[in-house]
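Given next are the chains, with one letter for each unit.
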Amino acid sequence: SMGGDTLWLVNVDSHNNCDTLDVELPGNDGDGFTIMHEGPDTDTDAVLYMHGCRAWNNADDGFGISFNKQMDIMDCWAWNNGDLEGDGNGFKYRYSYIRDTWKRKTYNCIAAYNRRAGFTDLNLHAPMGPHMEYLNNSTYRCERGFGSSPGNEFNCSQHPGEAVYRNNISFESTGPYPAAFTACDRQYPSYTLQDHNTWIQTGERYYTAANPDYNLMADDFISLDTAQLRWPRGTDGSLPDISFMQLKPSSDLVDRGVDVGLAYYGQAPDLGAHERNSFSVEIISPHIYEIFREGNQVRLLARIDGDEGNVEEVQFFGNDGETLLGSGTQLSSDLWAFTWEADEQGYIG
């Protein structure tokens, strides 16, 4: 619980929480993170910061946040939540008394394989509606990627909220809609702002459909392997570097978003949680764990993606990331090669 203080939660993991003692709804209180407030229902200087946090395999929600003041949720991941009778949302927020821009935002976050929504906002017919900006988030294989929970509709009669959704990806929802927003009259809540997402409102009730402006498919992503989400953190506690739901250069979701004030590369922001850097270097041969020794010689091949015309040197390092093996020879505008003496094992890992 929070009173009037600012709270920072940075690089924290919470997983495998389960309340089995509730006879009627076992698992219903097994959140990964539960954040509540005890202060006045007014705007204060108190801010909830959650950066780089992960929540998985929890019986209820990954992030169950009932903090109605200022919030800044960034680079957080929630997956595989929802067991027994728990809700199983990745990120679940309740009402807010704050309706100012950029005081409550969730951005660059990932939700995957949650039993219900990836991101859900509850109004519960509060005196003030929800206000949250969902910017550049990604969901995969949730019942619906974004929306409000059935039975807990956005209130369209008392101070309706202003929920904003921009540059978000909802891919392969297990339910009928990529997003679903309910209003008290069971119609589309016109006070939500939605654009540059992979879904659009159909104009019928609260239904959504795939956005025809984007050709969303599995081939847009470098990887859809959720096992990457539970990789070990770095030595400094930071999130692991992953390619899960990172866009390929060929994806038509690259540079197809709208400027929402977050840093981006290229002509415009990308859609989703990962902003693709316009420049990268990738070892394309040999493949990881591949036997590659031919005699005592090892030939490494690196590909430059991006502004390759301005690259003057490519250096190759050992597995520790610190031992310099040497500099490569340029074969073409985007390919560099390096020959190295193999060890007895003859493989790279």
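What comes next concerns the included structure. Bear in mind that the values here come from a model prediction, so they are computed numbers and not experimental data.

With respect to the overall build of the protein
A count of helical and extended segments in the protein gives 0 helices and 27 strands. Each of the 349 residues in the protein was classed as buried or not, and the buried ones make up 48%. Taking the intrachain contacts of the protein between residues at least 6 apart in sequence as the baseline, contacts between residues at least 24 apart amount to 71%. Carbon and sulfur atoms make up 46% of the accessible area of the protein, which amounts to about 16300 Å² in all.

Observations concerning the sheet that holds strand E8 (residues 77–79)
As summarised here, the arrangement of the 6 strands in space is E2-E5-E8-E11-E14-E17, forming an open sheet in which the pairing is parallel. In this open sheet, the two edge strands, each paired with only one partner strand, are strand E2 (13–15) and strand E17 (169–171). Strand-to-strand twist in this sheet, taken as the mean axis angle between neighbours without regard to direction, amounts to 5°. As judged from the 3 bridges shared by E8 and strand E11 (residues 110–112), these two strands associate in the parallel manner. For Trp 77, the partnering residue across the bridge sits in E11 and is Ile 110.

Focus: the environment of Gly 32
As for its position among the elements, Gly 32 is in the loop between E2 and strand E3 (33–36). Once the C-alpha coordinates of Gly 32 and Asn 81 are considered, the two residues, 49 residues apart in sequence, prove to be 8.6 Å apart. Sequence-distant contacts of Gly 32, defined by excluding residues within four places in its chain, comprise Ser 14, Asn 17, Ala 55, Asn 58, Asp 61 and Gly 62.

As for the side chain of Ser 173
Following the sequence through the fold, Ser 173 ends up in the loop between E17 and strand E18 (179–180). Polar side-chain contacts of Ser 173 include one of 3.3 Å to the side chain of Ser 170. Once residues lying within four places of it in the same chain are set aside, the contact partners of Ser 173 are Cys 142, Glu 143, Arg 144, Gly 145 and Pro 178.

Examining the nonpolar core
In terms of nonpolar packing, the biggest core is built from 29 residues, with Met 50, Phe 63, Ile 65, Ile 73 and Phe 91 touching the most fellow members. Elements represented by at least two residues in this core include exactly E3, strand E4 (47–51), strand E6 (63–66), strand E7 (70–74) and strand E9 (91–93). When residues no more than four places from it in sequence are discounted, the contact partners of Ile 65 are Ile 35, Leu 48, Met 50, Met 71, Ile 73, Lys 92, Tyr 93 and Arg 94. In terms of nonpolar packing, the next biggest core, distinct from the first, is built from 20 residues, Ile 110, Ala 112, Ile 242 and Leu 253 among them.

Focus: the pattern of salt bridges
Using the criterion set out here, one finds 10 salt bridges in the structure. Residue Lys 92 pairs with Asp 61 through a salt bridge whose shortest N-O separation is 2.9 Å. Pair noted here: Lys 92 is in strand E9 and Asp 61 is in the loop between strand E5 (54–56) and E6, with a separation of 31 residues, a long-range link. Neither residue differs from the other here; Lys 92 and Asp 61 are each classed as buried. In this structure, the salt-bridge partner of Lys 92 is Asp 87, at a minimum N-O distance of 2.8 Å.

Considering the sheet that holds strand E15 (residues 144–147)
Reading across the sheet, the 6 strands line up as E3-E6-E9-E12-E15-E18 and stay open at both edges, with parallel pairing between neighbours. For this open sheet the edge positions go to E3 and E18, each flanked by a neighbour on one side alone. Here E9 runs beside strand E12 (residues 117–121); their pairing, made up of 3 bridges, is parallel. Across the sheet, residue Tyr 93 finds its bridge partner in E12, namely Asp 121.

Concerning the pairing of strand E27 (residues 335–341)
Relative to E27, strand E23 (residues 297–305) runs antiparallel, the two being bridged by 7 bridges. Across the sheet, Leu 300 pairs through a bridge with Phe 338, a residue of E27. Relative to E27, strand E26 (residues 329–330) is paired through 2 bridges, and the arrangement is antiparallel. Residue pairing across strands places Thr 329 opposite Ala 337, the latter belonging to E27. Between E26 and E27, which follow one another and run antiparallel, lie 4 residues.

Looking at unusual backbone geometry
Even without glycine at this site, Trp 102 takes up a positive phi of about 70°. Here Trp 102 lies in the loop between E9 and strand E10 (104–107). Here the phi dihedral of Met 245 falls at roughly 65°; this positive angle occurs in a residue that is not glycine. Turning to its location among the elements, Met 245 is positioned in the loop between strand E21 (208–210) and strand E22 (280–285).

About the cut-offs
Residues numbered from 1 in each chain as written. Predicted model: local features only at pLDDT ≥ 70, side-chain atom pairs only at ≥ 80, totals over all residues. Heavy atoms only, no water. Helix = DSSP H or I, 4+ residues; strand = E, 2+ residues; numbered from the N terminus. Buried < 20%, exposed > 50% of the residue type's maximum accessible area, 1.4 Å probe, protein only. Contact = heavy atoms within 4.5 Å. Areas by Shrake-Rupley, 256 points an atom, 1.4 Å probe, with all protein chains shown as cover. Pairing = 2+ DSSP bridges. Axes fitted to C-alpha atoms, helices over the stretch in contact; angles between N-to-C directions. Polar contact = N/O pair within 3.5 Å; in protein donor to acceptor, adjacent residues only side chain to side chain. Core = buried A, V, L, I, M, F, W, Y, C linked by side-chain atoms within 4.5 Å. Salt bridge = Lys/Arg side-chain N within 4 Å of Asp/Glu carboxyl O.

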